[in-house]
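Listed below, chain by chain, are the residues.
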Amino acid sequence: MGHQTVNINFRMNAELKSNFEKACQELGLTPTAAFTIFATKVARERRIPFEVAVDPFYSERNMARLKKSIAQMESTGGTIHEVDVSD
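Asks: I'd like a description of the packing of aromatic side chains, backed by residues and values.
Replies: With the rule as written, the count across this model stands at four aromatic pairs. Ring geometry for Phe 10 against Phe 35: centres 5.3 Å apart, planes inclined by 80°, an arrangement best described as edge-to-face. Of the two residues, Phe 10 sits in the segment before α1 (14–27) while Phe 35 sits in helix α2 (residues 31–45), which places them 25 residues apart along the sequence. Ring pairing ties together the aromatic residues Phe 10, Phe 20 and Phe 35, which thus form one cluster.

This is how it looks when you write it as structure tokens:
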């Protein structure tokens with residue numbers, strides 16, 4: 001006796017969908033196969049199979065700091081400099 005298949009429908013941004021389809025193609029997968037792999041792993045392990053975390057760059061505190069810096073630069077005619085994050 002075979003397994004019955006069902007359709008699942010959900011919405012996503014058109015650009016994300018296009019990029020997802022391209023990535024799947026490069027991996028030799030269909031989008032259906034990729035989601036099936038994901039769903040199988042979630043069902044088996046009872047967890048999301050990757051870390052889901054908030055990027056601290058987008059925190060309210062950092063956004064406020066950046067906006068303040070931009071406003072200060074614009075009001076004083078400051079110069080934009082590249083930041084070397086390896087320091």
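Having seen the structure, we can now continue with the description.
Asks: Tell me about the pattern of salt bridges, and name the residues and values.
Replies: Taken as a whole and assessed by the stated rule, the structure comprises three salt bridges. For Lys 17, the salt bridge identified is with Glu 21, shortest N-O distance 2.7 Å. With Lys 17 and Glu 21 both in helix α1 and four residues apart, the pair spans about one turn of that helix. With a closest N to O distance of 3.0 Å, Glu 45 and Arg 47 form a salt bridge. By relative accessible area, which is 30% here, Glu 45 ends up partly exposed. Salt bridges sharing partners connect three or more residues here, namely Lys 41, Glu 45 and Arg 47.

Asks: Lay out α2 with the relevant residues and their values.
Replies: The terminal C-alpha atoms of α2 lie 21 Å apart, and with 15 residues this matches the ideal 21 Å at 1.5 Å per residue to within 8%. Two residues or fewer past α2, Arg 46 is found with a positive phi of approximately 60°.

The rules behind the values
Residues numbered from 1 in each chain as written. Predicted model: local features only at pLDDT ≥ 70, side-chain atom pairs only at ≥ 80, totals over all residues. Heavy atoms only, no water. Phe/Tyr/Trp six-rings, centres within 6.5 Å; stacked < 30°, edge-to-face > 60°. Helix = DSSP H or I, 4+ residues; strand = E, 2+ residues; numbered from the N terminus. Salt bridge = Lys/Arg side-chain N within 4 Å of Asp/Glu carboxyl O. Buried < 20%, exposed > 50% of the residue type's maximum accessible area, 1.4 Å probe, protein only. Expected span 1.5 Å × (residues − 1).

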